[in-house]
Amino acid sequence: GAVDCLERLRRAGKRSVLLSNAPRRSGAAQEAMRGMGIPDALYDGILTSGEMTRILLERRDDPFFAQLGRRVFHLGPMRDKNVIEGLDVTEVGTPAEADFVLNTGPDDHRSPTSMEPFEDTLRACRVAGLPMVCANPDLEVIRGGERVLCAGSLAARYVELGGEARLIGKPDPAVYGPV
């Protein structure tokens, strides 16, 4: 029903912007929409939590982002690295080398159905005292009938461990303002 709804909105002269908690750039989400049969002409724009995270990392006008250093440890799948590509940051291989951690969700090398495979990494980030930027506040999704953790779950566990996390995306009011 999504295509039908967007078509009706367009015929009624309404504008629409799609807001997604996808932890990757908006262009990647737009490609996915096309793959689902939703043409670009049916909406006026897309803003993902990954895109908003990138904007905040680039601008650094928010106090939390202003205090972040330039060395980032990425916790997440390769497909989400586009959030930091081209920014004035250097990706490092371990939390001990980093100034902050960018959390885009479970990576492709560990089971995304349990927190256990991520405990050591989260603890290492905590020991290093890294602030966490979480590019998707969702806790979980159901994929193929299976519960899969999202970045928000990793951030919640990090906070339980005593770490600091800033979650970007719905329902944070910041994503509803001007970009």
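In case you missed it, the structure is sitting above this.
Because the structure is predicted, anything quoted here is derived from the model rather than measured. (Residues numbered from 1 in each chain as written. Predicted model: local features only at pLDDT ≥ 70, side-chain atom pairs only at ≥ 80, totals over all residues. Heavy atoms only, no water.)

The next point concerns the sheet that holds strand β9 (residues 165-167). Read from one edge to the other, the open sheet built from five strands follows the order β4-β3-β5-β6-β9, with strand pairing classed as parallel. Of all the strands in the sheet, the pair left with one neighbour each is β4 (90-92) and β9. The average angle at which neighbouring strand axes cross in this sheet is 30°, direction not considered. With three bridges joining them, strand β3 (residues 71-75) and β4 adopt parallel strand pairing. Among the inter-strand pairings, R71 is bridged to a residue of β4, identified as T90. The sheet contacts of helix α5 (residues 119-127) involve β3, β5 (100-103) and β6 (132-134), and relative to β3 the element is tilted by about 160°. (Pairing = 2+ DSSP bridges. Helix = DSSP H or I, 4+ residues; strand = E, 2+ residues; numbered from the N terminus. Axes fitted to C-alpha atoms, helices over the stretch in contact; angles between N-to-C directions. Contact = heavy atoms within 4.5 Å.)

Moving on: the packing of aromatic side chains. Applying the stated criterion across every chain yields a total of one aromatic pair. Centre to centre, the rings of F64 and F65 are 5.4 Å apart; their planes meet at 80°, and the pair counts as edge-to-face. Classification of F64 as buried rests on a relative accessible area of 10%. Residue classification places F65 among the buried positions, given a relative accessible area of 0%. (Phe/Tyr/Trp six-rings, centres within 6.5 Å; stacked < 30°, edge-to-face > 60°. Buried < 20%, exposed > 50% of the residue type's maximum accessible area, 1.4 Å probe, protein only.)

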